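# Reading the structure
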Amino acid sequence: QVQLVESGGGLVQAGGSLRLSCAVSGSIFSINGMSWFRQAPGKPRELVAGMTSGGDTNYADSVRGRFSISRDNAKNTVFLQMNSLKPEDTAVYYCNIVLRPRATPGLAVYWGQGTQVTVSS
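Notes on the structure in this doc start here. No experiment lies behind these values; they were computed from the predicted model shown.

## Topic: the overall build of the protein
For the protein, the count of helices and strands is zero helices and 11 strands. Traced from its N-terminal end to its C-terminal end, the protein shows the element sequence β-β-β-β-β-β-β-β-β-β-β. Since a compact globule built from 121 residues should have a radius of gyration of about 14 Å, the 14 Å found for the protein is in line with a globular shape. By sequence separation, contacts in the protein at least 24 residues apart represent 56% of the contacts at least 6 residues apart. A total of about 6300 Å² of accessible surface is found on the protein, and carbon and sulfur atoms cover 49% of it. Of the side-chain charges in the protein, 11 are positive and 7 negative, and the distance between the mean point of each set is 5 Å.

## A closer look at the nonpolar core
Counting residues in each nonpolar core, the largest one holds 31 residues, and the members touching the most others are Trp36, Leu80, Met82, Tyr93 and Ile97. Among the elements of the structure, β3 (18–25), β4 (28–39), β5 (46–52), β7 (67–72), β8 (77–82), β9 (91–101) and β11 (115–120) are those that each provide at least two residues to this core. For this core, the element with the highest residue contribution is β9, accounting for five residues.

## Section: the pattern of salt bridges
Evaluated as defined, the whole model comprises four salt bridges. A salt bridge links Arg66 to Asp89; the nearest nitrogen and oxygen atoms lie 2.8 Å apart. With Arg66 in the loop between β6 (57–59) and β7 and Asp89 in the loop between β8 and β9, this residue pair connects regions lying 23 residues apart in the sequence. The exposure classification of Arg66 matches that of Asp89, with both residues buried.

## Overview of the state of the cysteines
For the structure on display, the rule yields one disulfide. Across a sulfur-sulfur distance of 2.1 Å, Cys22 and Cys95 are joined as a disulfide pair. For the disulfide bridge between Cys22 and Cys95, the dihedral angle about the S-S bond is near 50°, and by the sign convention the bridge is right-handed. A residue pair is termed long-range when its members are at least 10 positions apart, and Cys22 in strand β3 and Cys95 in strand β9 qualify at 73 residues.

The rules behind these values
- Residues numbered from 1 in each chain as written.
- Predicted model: local features only at pLDDT ≥ 70, side-chain atom pairs only at ≥ 80, totals over all residues.
- Heavy atoms only, no water.
- Helix = DSSP H or I, 4+ residues; strand = E, 2+ residues; numbered from the N terminus.
- Rg over C-alpha atoms; globule rule 2.2 N^0.38 Å.
- Contact = heavy atoms within 4.5 Å.
- Areas by Shrake-Rupley, 256 points an atom, 1.4 Å probe, with all protein chains shown as cover.
- Lys, Arg positive; Asp, Glu negative; His and termini not counted.
- Charge placed at Lys NZ, Arg CZ, Asp CG, Glu CD.
- Core = buried A, V, L, I, M, F, W, Y, C linked by side-chain atoms within 4.5 Å.
- Buried < 20%, exposed > 50% of the residue type's maximum accessible area, 1.4 Å probe, protein only.
- Salt bridge = Lys/Arg side-chain N within 4 Å of Asp/Glu carboxyl O.
- Disulfide = S-S within 2.5 Å.

See below:
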């Protein structure tokens, strides 16, 4: 059984910083990709940042230069460091993990439970 547990959201003033974490636990053979998405009220879910198993990263234009995705392979944890936060960054943030479980063949996609980030002006 695979579980994703997110943490690190909260309320911050514009210009501030937050760091989100997503810890993956369970019977896993490998993690192939890690991403962060966000969804603001009334808007579709959008990709914020992603990282491949090889360490290549990509970012949405709206966050490039302010956000940074990283991982701790030993702890199966992915992070999203968010700096210079703006009110428009307010959303529920979800981690998305593509992994290869030990129990079943092929790849599987898992989502975190979501964590609220609110940036006040």
